[in-house]
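Structure assessment
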Protein chains: 2
Amino acid sequence: MEFSSKLLENAVYEMSQLPGIGKRTALRLVLHLLKQPEERTNMLSDALMSLRSNINFCATCHNISDTILCEICSNTKRDESLVCVVEDIRDVMAIENTSQYNGLYHVLGGKISPMEGVGPQDLNINSLIRRVKEGQVSELIFALSSTMEGDTTNFYIYKQLEGLDVTTSTIARGISVGDELEYADEVTLGRSILNRVPFESSIKAN
Amino acid sequence: MEFSSKLLENAVYEMSQLPGIGKRTALRLVLHLLKQPEERTNMLSDALMSLRSNINFCATCHNISDTILCEICSNTKRDESLVCVVEDIRDVMAIENTSQYNGLYHVLGGKISPMEGVGPQDLNINSLIRRVKEGQVSELIFALSSTMEGDTTNFYIYKQLEGLDVTTSTIARGISVGDELEYADEVTLGRSILNRVPFESSIKAN
């Protein structure tokens, strides 16, 4: 792609460094900003820079927060004995949206992935073990994605917990509510059968 | 979507103002920036702001340029008597990529669109008529997209040219009607430039 302006080329290049944004999309976005009032660009730039330089992670669960402890960790109405282990803050948001969970979280910041050079030391695992050792946590709920990396991470943490007084569980895997059995993949459907729940409790959940 | 941080919410909001970027994508992009070194965010912000505040448009053809006259207008090897009228600079880039065109351009900055409140006075039409009146242009090639807005714009300019000594043509529609120039392959687009037809006959064809 040939650019008539170095400034334009530079802006498109930087924009195309974002995941899923190719050169053409980047050019479209940049030209859109050029058509908008200058203050739009300034507001976008300021918002990104101020987030990046003032960003704070909750000292306990590593969720993004503007305060030292996040709103969830500092909420005394939540159950401190339950900790749900998730990959990143999008998972926290997804679970919070269900309004079905009243415990706390622990954001790992990723999964163990030798292919991508992510080892246990790159994740917030030590602070999780520390939380468990402090004694207030009675159950850890693993809610990582069920990929090989997710399973590896679950297992690594599980091994680290040996000898500690804590229950571990994983979120139920089954076919989605409203899905047709016919279209479900075999592994998921198999898991749904194995992990069946008493009918009475499924009535209460609705 | 509930955010645990105002800074995050603000950054996601600003990002989601870009065309084609929804809230979820915006969140993904912003979280990606958070995982990258801080300088990446600064480079993106700086590139956007410096483009927006230092942007310059060629005094003759309104192409984006870092100099008063763009590289194309100031290139003495190009044919000054040919002017190709396009909607925006992406079209200039697309036509330049074909290497089939040796004339100059005129970037209108949009199309006449009453629906979107874009009238002739919002486009670089007056300066185009001025260029023609100055006498060096012998042929105008209309290369707007073949939508109703594009046709309206072509026709408006054509009317303004009455009594002036200039030939008009439109690029041959080797490429499908309704497609954007930007996405056409180079061979087809190059053929379209070579096989341009007199504007009068394109009216008859519709």
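Our structure's up above, just so we're on the same page.
Notes on the structure in this doc start here. Here the structure is a predicted model, which is why all the values come from computation and not from measurement.

**Focus on unusual backbone geometry**
Positive phi is not limited to glycine here, since B:His62 has a value of about 70 degrees. Along the chain, the position of B:His62 falls in the loop between α3 (38–54) and β1 (79–86).

**Structural notes on helix α1 (residues 6–15) of chain A**
Every buried residue of α1(A) is accounted for by A:Leu8, A:Ala11, A:Val12, A:Glu14 and A:Met15. One face of α1(A) carries all of its buried residues, which in axial projection span an arc of 165 degrees. Those residues of α1(A) hidden inside the fold are in contact with α2 (23–35) of chain A together with α3 and α4 (89–98) of chain B. Looking at where α1(A) begins, the residue whose side-chain oxygen comes 3.2 Å from the main-chain nitrogen of A:Leu7 is A:Ser5.

**Focus: the pattern of salt bridges**
Residue and element names in this part refer to chain A. Inspection of the entire model under this criterion finds twelve salt bridges over all chains. One salt bridge connects Glu9 with Lys6, and the closest N-O pair in it is separated by 3.6 Å. Of this pair, Glu9 and Lys6 both sit in helix α1, three residues apart, roughly one helical turn. For Lys6, a relative accessible area of 60% corresponds to the exposed category. Across the pair Glu96 and Arg78 runs a salt bridge, and its minimum N-O distance is 2.8 Å.

**Notes on the interface of chain A and chain B**
Counting residues at the interface gives 54 residues for chain A, matched by 55 residues for chain B. Both sides together, the interface formed by chain A and chain B hides about 5,400 Å², and carbon and sulfur atoms give 67% of it. B:Arg40 is paired through a salt bridge with A:Glu14; the nearest N and O atoms lie 2.8 Å apart. Counting every contact that joins chain A to chain B gives 13 residue pairs in polar contact (both at pLDDT 80 or more). Elements supplying a minimum of two residues to the side of chain A that touches chain B: α1, α2, α3 (38–54) and α4 (89–98) of chain A. Ranked by the residues each element gives to the side of chain A that touches chain B, the list is headed by α3(A), at 16 residues. Class assignment of the residues belonging to the side of chain A that touches chain B gives a composition of 27 nonpolar, 15 polar and twelve charged.

Criteria and cut-off values
Residues numbered from 1 in each chain as written. Chains lettered and ligands numbered in written order. Predicted model: local features only at pLDDT ≥ 70, side-chain atom pairs only at ≥ 80, totals over all residues. Heavy atoms only, no water. Helix = DSSP H or I, 4+ residues; strand = E, 2+ residues; numbered from the N terminus. Buried < 20%, exposed > 50% of the residue type's maximum accessible area, 1.4 Å probe, protein only. Arc of directions from axis to C-beta. Contact = heavy atoms within 4.5 Å. Polar contact = N/O pair within 3.5 Å; in protein donor to acceptor, adjacent residues only side chain to side chain. Salt bridge = Lys/Arg side-chain N within 4 Å of Asp/Glu carboxyl O. Buried area = accessible area lost by both parts, 1.4 Å probe. Nonpolar A, V, L, I, M, F, W, Y, C, P; charged D, E, K, R; others polar.

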